[in-house]
Amino acid sequence: DIHRLGYPHSATSWPGWFHGTIAYLRVWQGTALAPVDIQSLYENRETSNPSIFGTVATTITDSYDSSIIATPYNGASFSTAGAEFDGVDDYVDLTPWMFGGAMTVEVYVKYDTFNRHSRIFEFAEGAMDEDVLLYNNYETAKASWGERDNGNWKPVLASSTSYFQTDTWVHVVATVEGTKKKLY
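Considerations on the overall build of the chain
Okay, so step 1: A tally of regular secondary structure across the chain gives one helix and 14 strands.
Okay, so step 2: When each of the 184 residues of the chain is scored for burial, the buried share is 46%.
Okay, so step 3: Pairs at least 24 residues apart make up 60% of the contacts formed inside the chain by residues separated by at least 6 positions.
Okay, so step 4: For the chain, the exposed surface amounts to about 8,900 Å²; the carbon and sulfur share of it is 50%.

Right, here's the structure in full:
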(Lines give C-alpha, C1' and ligand atoms only; values in the text may rest on other atoms or scores of the structure.)
Protein backbone atom coordinates (compact mmCIF):
# COMPACT_ATOMS: atom_id res chain seq x y z
CA ASP A 1 0.00 0.00 0.00
CA ILE A 2 1.07 3.59 -0.69
CA HIS A 3 -0.04 6.50 1.49
CA ARG A 4 1.76 9.76 0.73
CA LEU A 5 1.51 13.52 0.96
CA GLY A 6 3.00 15.70 -1.77
CA TYR A 7 4.14 12.88 -4.06
CA PRO A 8 3.47 13.22 -7.83
CA HIS A 9 1.83 10.86 -10.29
CA SER A 10 5.28 9.83 -11.49
CA ALA A 11 8.50 11.16 -10.07
CA THR A 12 10.21 11.00 -13.47
CA SER A 13 7.76 11.03 -16.39
CA TRP A 14 5.12 13.37 -14.94
CA PRO A 15 6.62 15.35 -12.08
CA GLY A 16 3.94 17.29 -10.21
CA TRP A 17 5.51 17.70 -6.80
CA PHE A 18 3.40 19.60 -4.27
CA HIS A 19 4.82 23.04 -3.42
CA GLY A 20 3.29 24.47 -0.27
CA THR A 21 2.27 23.60 3.28
CA ILE A 22 -0.21 21.12 4.72
CA ALA A 23 -1.18 22.29 8.21
CA TYR A 24 -3.08 19.10 9.00
CA LEU A 25 -4.88 16.17 7.43
CA ARG A 26 -7.56 14.04 9.11
CA VAL A 27 -9.31 10.92 7.82
CA TRP A 28 -12.64 9.44 8.91
CA GLN A 29 -12.46 5.88 7.62
CA GLY A 30 -15.87 4.24 7.17
CA THR A 31 -17.79 7.54 7.41
CA ALA A 32 -18.85 10.15 4.88
CA LEU A 33 -19.58 13.12 7.12
CA ALA A 34 -22.86 14.98 6.66
CA PRO A 35 -22.91 18.60 5.43
CA VAL A 36 -23.78 19.87 8.94
CA ASP A 37 -20.65 18.13 10.33
CA ILE A 38 -18.52 19.57 7.54
CA GLN A 39 -19.88 23.06 8.25
CA SER A 40 -18.81 22.63 11.88
CA LEU A 41 -15.32 21.58 10.78
CA TYR A 42 -15.09 24.68 8.58
CA GLU A 43 -16.28 27.04 11.31
CA ASN A 44 -13.72 25.62 13.74
CA ARG A 45 -10.84 25.01 11.31
CA GLU A 46 -8.41 27.32 13.08
CA THR A 47 -9.66 27.21 16.68
CA SER A 48 -10.24 23.49 17.12
CA ASN A 49 -7.28 22.59 14.93
CA PRO A 50 -4.32 24.54 16.26
CA SER A 51 -0.95 23.70 14.80
CA ILE A 52 -0.40 20.01 15.41
CA PHE A 53 3.28 20.69 14.90
CA GLY A 54 3.71 22.88 18.01
CA THR A 55 6.99 21.13 18.74
CA VAL A 56 8.93 20.53 15.56
CA ALA A 57 9.60 16.82 15.16
CA THR A 58 11.36 14.62 12.64
CA THR A 59 8.40 12.21 12.45
CA ILE A 60 4.77 12.57 13.53
CA THR A 61 2.78 9.77 15.18
CA ASP A 62 -0.99 9.78 14.67
CA SER A 63 -2.83 10.73 17.85
CA TYR A 64 -5.66 8.22 17.24
CA ASP A 65 -3.72 5.27 15.83
CA SER A 66 -0.12 5.18 17.05
CA SER A 67 0.81 2.63 14.36
CA ILE A 68 0.50 5.39 11.71
CA ILE A 69 3.65 7.49 11.42
CA ALA A 70 4.38 10.38 9.03
CA THR A 71 7.99 10.46 7.82
CA PRO A 72 9.39 13.23 5.60
CA TYR A 73 11.74 12.44 2.69
CA ASN A 74 14.08 14.41 0.38
CA GLY A 75 13.82 17.70 2.26
CA ALA A 76 10.16 17.80 3.29
CA SER A 77 10.06 19.16 6.82
CA PHE A 78 7.74 19.73 9.74
CA SER A 79 7.48 23.26 11.11
CA THR A 80 5.08 25.08 13.39
CA ALA A 81 2.99 25.81 10.26
CA GLY A 82 2.74 22.17 9.18
CA ALA A 83 4.41 19.85 6.70
CA GLU A 84 6.36 21.98 4.22
CA PHE A 85 7.19 20.94 0.65
CA ASP A 86 9.52 22.71 -1.81
CA GLY A 87 7.90 21.36 -5.01
CA VAL A 88 11.10 19.70 -6.22
CA ASP A 89 11.30 16.12 -4.93
CA ASP A 90 10.12 15.94 -1.33
CA TYR A 91 7.16 14.14 0.18
CA VAL A 92 5.81 12.63 3.39
CA ASP A 93 5.26 8.90 3.62
CA LEU A 94 2.48 7.64 5.90
CA THR A 95 2.35 4.16 7.37
CA PRO A 96 -0.36 2.46 5.28
CA TRP A 97 -3.66 1.50 6.87
CA MET A 98 -6.61 -0.45 5.53
CA PHE A 99 -8.91 1.91 3.67
CA GLY A 100 -11.88 1.68 1.36
CA GLY A 101 -15.62 2.17 1.42
CA ALA A 102 -17.04 5.37 2.85
CA MET A 103 -14.43 7.98 3.77
CA THR A 104 -14.01 11.63 4.66
CA VAL A 105 -10.69 13.47 4.35
CA GLU A 106 -10.16 16.95 5.78
CA VAL A 107 -7.06 18.97 4.95
CA TYR A 108 -5.95 22.54 5.61
CA VAL A 109 -3.53 23.44 2.83
CA LYS A 110 -1.67 26.34 1.26
CA TYR A 111 -0.11 26.16 -2.21
CA ASP A 112 2.98 28.27 -2.95
CA THR A 113 2.83 27.48 -6.68
CA PHE A 114 0.83 25.13 -8.89
CA ASN A 115 2.78 22.35 -10.54
CA ARG A 116 1.08 19.94 -12.93
CA HIS A 117 -1.42 17.81 -10.97
CA SER A 118 0.32 18.46 -7.63
CA ARG A 119 -1.07 15.85 -5.27
CA ILE A 120 -1.85 16.90 -1.75
CA PHE A 121 -2.37 13.26 -0.84
CA GLU A 122 -2.74 9.83 -2.38
CA PHE A 123 -3.85 6.66 -0.62
CA ALA A 124 -3.46 3.59 -2.84
CA GLU A 125 -3.13 -0.16 -2.86
CA GLY A 126 -0.40 0.23 -5.50
CA ALA A 127 0.87 2.71 -8.06
CA MET A 128 -2.20 4.04 -9.91
CA ASP A 129 -4.33 1.17 -8.63
CA GLU A 130 -7.36 1.37 -6.34
CA ASP A 131 -6.51 4.84 -5.07
CA VAL A 132 -8.03 8.08 -3.84
CA LEU A 133 -6.31 11.42 -4.28
CA LEU A 134 -6.71 15.19 -4.06
CA TYR A 135 -4.72 17.56 -6.28
CA ASN A 136 -4.83 20.72 -8.39
CA ASN A 137 -5.93 20.10 -11.98
CA TYR A 138 -3.05 20.63 -14.44
CA GLU A 139 -1.18 23.84 -13.46
CA THR A 140 -4.42 25.56 -12.37
CA ALA A 141 -6.09 26.45 -9.07
CA LYS A 142 -8.95 24.05 -9.84
CA ALA A 143 -9.34 21.14 -7.38
CA SER A 144 -9.76 17.51 -8.34
CA TRP A 145 -10.85 14.77 -5.92
CA GLY A 146 -11.15 11.30 -7.26
CA GLU A 147 -10.75 7.59 -7.03
CA ARG A 148 -9.46 4.91 -9.33
CA ASP A 149 -11.33 1.62 -9.13
CA ASN A 150 -10.24 -1.34 -11.25
CA GLY A 151 -8.24 1.04 -13.45
CA ASN A 152 -11.20 3.40 -14.04
CA TRP A 153 -10.58 7.03 -13.02
CA LYS A 154 -13.64 8.73 -11.49
CA PRO A 155 -12.85 12.37 -10.66
CA VAL A 156 -14.89 15.19 -9.22
CA LEU A 157 -13.65 18.60 -10.37
CA ALA A 158 -14.46 21.69 -8.34
CA SER A 159 -16.59 24.11 -10.34
CA SER A 160 -14.47 27.07 -9.25
CA THR A 161 -11.37 27.80 -11.29
CA SER A 162 -9.88 29.38 -8.15
CA TYR A 163 -10.70 26.70 -5.57
CA PHE A 164 -7.09 26.83 -4.42
CA GLN A 165 -5.13 30.07 -4.25
CA THR A 166 -1.43 30.62 -3.82
CA ASP A 167 -0.29 31.88 -0.42
CA THR A 168 -3.81 31.38 1.01
CA TRP A 169 -4.96 28.71 3.45
CA VAL A 170 -7.80 26.62 2.03
CA HIS A 171 -9.95 24.24 4.09
CA VAL A 172 -10.92 21.16 2.05
CA VAL A 173 -13.24 18.31 2.96
CA ALA A 174 -13.71 15.48 0.49
CA THR A 175 -16.15 12.59 0.95
CA VAL A 176 -16.85 9.35 -0.84
CA GLU A 177 -19.72 6.99 -0.14
CA GLY A 178 -20.57 4.32 -2.67
CA THR A 179 -20.50 6.04 -6.07
CA LYS A 180 -21.07 9.54 -4.62
CA LYS A 181 -18.06 11.82 -4.23
CA LYS A 182 -18.27 15.37 -2.91
CA LEU A 183 -15.78 18.17 -2.51
CA TYR A 184 -16.49 20.94 0.00
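Observations regarding the nonpolar core
Okay, so step 1: Residues Val92, Ile120, Phe123, Trp145, Phe164, Val172 and Leu183 are the most contacted members of the largest nonpolar core, which totals 36 residues.
Okay, so step 2: Elements that contribute at least two residues to this core include exactly strand 6 (82–86), strand 7 (91–94), strand 8 (103–113), strand 9 (119–126), strand 10 (129–136), strand 11 (143–149) and strand 13 (170–177).
Okay, so step 3: No other element matches the five residues that strand 8 contributes to this core.
Okay, so step 4: Excluding its chain neighbours within four sequence positions, the residues that come into contact with Phe164 are Val109, Tyr111, Phe114, Ile120, Tyr135, Asn136, Ala141, Lys142, Ala143, Val170 and Val172.

So, the sheet that holds strand 2 (residues 19–29)
Okay, so step 1: Read from one edge to the other, the open sheet built from six strands follows the order 5-6-2-8-13-14, with strand pairing classed as antiparallel. Every interior strand has two partners, whereas the edge strands, strand 5 (77–79) and strand 14 (180–183), have only one. The average angle at which neighbouring strand axes cross in this sheet is 25°, direction not considered.
Okay, so step 2: The strands that helix 1 (residues 35–43) touches are strand 2, strand 8 and strand 13; relative to strand 13, the one it contacts most, it runs at about 160°.

Concerning the pattern of salt bridges
Side-chain pairing between opposite charges can occur once the charged atoms of the two side chains come close.
Okay, so step 1: The final tally for this structure, using the stated rule, is six salt bridges.
Okay, so step 2: With a shortest N-O distance of 2.7 Å, Glu106 and Arg26 are connected by a salt bridge. Taken together, the residues Glu106 in strand 8 and Arg26 in strand 2 connect sequence positions 80 residues apart.
Okay, so step 3: Classification of Arg26 by relative accessible area gives partly exposed; the value is 25%.
Okay, so step 4: For Asp131, the salt bridge is made with Arg148, and the minimal N-O distance between the two is 3.3 Å. With Asp131 in strand 10 and Arg148 in strand 11, this residue pair connects regions lying 17 residues apart in the sequence.

Brief notes about the packing of aromatic side chains
Okay, so step 1: The full count for this structure, using the stated rule, is 15 aromatic pairs.
Okay, so step 2: Judged by centre distance (5.4 Å) and plane angle (80°), the rings of Phe18 and Phe85 are edge-to-face. Taken together, the residues span a long stretch of sequence, with Phe18 in the loop between strand 1 (2–5) and strand 2 and Phe85 in strand 6 at a distance of 67 residues. The residues Phe18 and Phe85 share a single accessibility class, namely buried.
Okay, so step 3: The rings of Phe18, Phe85, Tyr111, Phe114, Tyr163 and Phe164 are connected pair by pair, giving a single aromatic cluster.
Okay, so step 4: Above the ring of Tyr7, the side-chain terminus of Arg4 is found at 4.1 Å from the ring centroid.
Okay, so step 5: The ring of Tyr42 has Arg45 lying over it, and the distance from NZ or CZ to the ring centre is 3.9 Å.

Some remarks on the pairing of strand 8
Okay, so step 1: With eight of eleven residues buried, strand 8 lies mostly within the body of the structure.
Okay, so step 2: For strand 2 and strand 8, the ladder comprises ten bridges, and the chain directions are antiparallel. Looking at strand 8, one finds that Thr21 is bridged to Lys110.
Okay, so step 3: Here strand 8 runs beside strand 13; their pairing, made up of seven bridges, is antiparallel.

Here's the deal with the layout of surface pockets
It is the rolling of a water-molecule-sized probe over the atoms that shows where space remains empty.
Okay, so step 1: Taken as a whole, the second largest pocket spans an internal volume of roughly 200 Å³.
Okay, so step 2: Contributions of two or more residues to the lining of the second largest pocket are made by strand 10 and strand 11.
Okay, so step 3: Partitioned by chemical class, the residues of the lining of the second largest pocket number four nonpolar, three polar and six charged.

Criteria and thresholds
- Residues numbered from 1 in each chain as written.
- Predicted model: local features only at pLDDT ≥ 70, side-chain atom pairs only at ≥ 80, totals over all residues.
- Heavy atoms only, no water.
- Helix = DSSP H or I, 4+ residues; strand = E, 2+ residues; numbered from the N terminus.
- Buried < 20%, exposed > 50% of the residue type's maximum accessible area, 1.4 Å probe, protein only.
- Contact = heavy atoms within 4.5 Å.
- Areas by Shrake-Rupley, 256 points an atom, 1.4 Å probe, with all protein chains shown as cover.
- Core = buried A, V, L, I, M, F, W, Y, C linked by side-chain atoms within 4.5 Å.
- Pairing = 2+ DSSP bridges.
- Axes fitted to C-alpha atoms, helices over the stretch in contact; angles between N-to-C directions.
- Salt bridge = Lys/Arg side-chain N within 4 Å of Asp/Glu carboxyl O.
- Phe/Tyr/Trp six-rings, centres within 6.5 Å; stacked < 30°, edge-to-face > 60°.
- Lys NZ or Arg CZ within 6 Å of the ring centre and 35° of its normal.
- 1 Å grid on protein atoms, 1.4 Å probe; cavity = no way out; pocket = protein on both sides within 12 Å on 5 of 7 lines; lining within 4 Å.
- Points joined across faces, edges and corners; volume = space filled by probe spheres on them.
- Nonpolar A, V, L, I, M, F, W, Y, C, P; charged D, E, K, R; others polar.

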